[in-house]
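# Chains, contacts and geometry: an overview
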Amino acid sequence: MAIIRTTEEVHPAVPNSSGTVTVPIFCWREFFCGWGAAFVNITVTYPIYKMIFRQMLHGVKLTQAFGQLRGEGMTFLYRGLFPPLAQKTISLSLMFGVYDSTRRPLVEYCHVNRYIAKAVAGIAAGTVEAMLMPFERIQTLLADANYHQKYRNTHHAFKIIILENGLKELYRGFVPILWRNGPSNAMFFVLREEASSRLPKRVSIVSQGTQEFLAGACIGAFISTVFYPLNVLKVTMQCRVGGPYVNMWTAMQQVYISRDRKLRNVYKGVSMNASRAFLSWGIMNTAYEQLKKVVY
């Protein structure tokens, strides 16, 4: 089987009945590589996420967040791991798979400008990912110390919330997630593919892997910083169970007022978040590229 190599992606070529070579629209390999990259990343970075979460929720310093986790002990350190593991592996699988399956037809068959195609495909992938937000919702509750006694585990949390508040409760905070996912995905893919095409190809496996890590890390840290306030809003909205639903604008006002009307207080935890994103997206980008070399 021949291989078509472009400046952006590598896909197996398939001859059709007329003898010409076409590239299939749906490629399972992209879904698999995204899934594997997320699995590696989540298992490594989950404890860091919990410290950032506490900073987002309580507006405390890093040392205080670390002290909270240390006081709770190892028993609770990986509490809530399953929801992000389930959500992120499926989410990254959809992110890379849906993006690829949307971008290529737009470019190859509709002849859309490649940057517009990347932006549209990124937003489409982000919107599909948002359907998985119940996992993110449960992860938020399990990471909050206020709910340690109420929810024993992921299954128990899903059961209690649905019984007491209905399915709608699982989608509290949906709007900030939509605003975060689509634009951030579009930005990520545009920057990632520009870096991939413009950076030199390294001969050494180690140097190439290091370059892939740094490219993904820098892009991820930058994007996570840009969209950090939306994550603060999402956490604030999702840490409530029951009661009236507030819109994003009202939640934004509440956060601003509760943080002494200082914008810098809204960004508490941003440095740790950027550090986690640097490590997380570096690992993810490297794992994704290595998996691509295996499956293609």
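Whatever comes next refers back to the structure up there.
Throughout what follows, the structure given in this document is the object of discussion. (Residues numbered from 1 in each chain as written. Predicted model: local features only at pLDDT ≥ 70, side-chain atom pairs only at ≥ 80, totals over all residues. Heavy atoms only, no water.)

## Overview of helix α9 (residues 205–226)
Here is the rule: Helix numbering and strand numbering both begin at the N terminus, where a helix is a DSSP run of H or I of at least 4 residues and a strand a DSSP run of E of at least 2. A helix is expected to span 1.5 Å for every residue after the first. Relative accessibility under 20% of the residue-type maximum defines a buried residue, over 50% an exposed one, and the middle range a partly exposed one, all with a 1.4 Å probe and only protein chains included. Throughout, a contact is declared for two residues whenever any of their heavy atoms are within 4.5 Å. By the criterion applied in these results, polar contacts are pairs of N or O atoms within 3.5 Å in which, for protein atoms, one can donate a hydrogen and the other can accept it, and in which residues neighboring in sequence qualify only through two side-chain atoms.
Between its terminal C-alpha atoms α9 stretches 32 Å, which fits the 32 Å expected from 22 residues at 1.5 Å a residue. What α9 keeps buried is the set Q208, G209, Q211, E212, A215, G216, A217, I219, G220, A221, I223 and S224. The inward-facing, buried residues of α9 abut α8 (174–198), α10 (228–238) and α13 (270–295). One side-chain oxygen at the N-terminal end of α9 lies 3.2 Å from the backbone nitrogen of V206; it belongs to S204.

## Notes on empty space enclosed by the protein
Over the atoms a probe the size of a water molecule is rolled, and this reveals where empty space is left. Where we set the bar: Buriedness for pockets is judged along seven lines, at least five of which must meet protein on both sides within 12 Å for an open set on the 1 Å grid over protein atoms alone, while cavities are sets there where a 1.4 Å probe fits but cannot get out, and lining residues have an atom within 4 Å of a point. Grid points are joined across faces, edges and corners, and a volume is the space filled by probe spheres set on the points. Charged means Asp, Glu, Lys or Arg here, nonpolar means Ala, Val, Leu, Ile, Met, Phe, Trp, Tyr, Cys or Pro, and polar covers whatever is left, Gly included.
Under the definition given, this model contains 1 cavity of 30 Å³ or more. Taken as a whole, the largest cavity spans an internal volume of roughly 760 Å³. For the largest cavity, the lining is made up of 38 residues, of which K88, R180, N231, R276 and W281 are closest to its centre. When the residues that make up the lining of the largest cavity are grouped by side-chain class, the tally is 20 nonpolar, 12 polar and 6 charged.

## Details of the pattern of salt bridges
Inclusion rule: Salt bridges are counted wherever a side-chain nitrogen of Lys or Arg sits within 4 Å of a carboxyl oxygen of Asp or Glu.
One pass over the full model with this rule turns up 12 salt bridges. Between R104 and D100 there is a salt bridge whose closest N-O contact spans 3.0 Å. Of this pair, R104 and D100 both sit in helix α4 (residues 82–108), 4 residues apart, which is roughly one turn of the helix. D100 matches R104 in its accessibility class, with the two residues each being buried. Residue R180 is joined to E136 by a salt bridge in which the shortest nitrogen-to-oxygen separation is 2.9 Å.

## With respect to the side chain of E193
Among the secondary structure elements, E193 is positioned in helix α8. What makes E193 buried here is its relative accessible area of 2%. A polar side-chain atom of E193 sits 3.0 Å from a polar atom in the side chain of Y99. Looking at E193, its side chain comes within polar contact range of the side chain of K118, at 3.4 Å.

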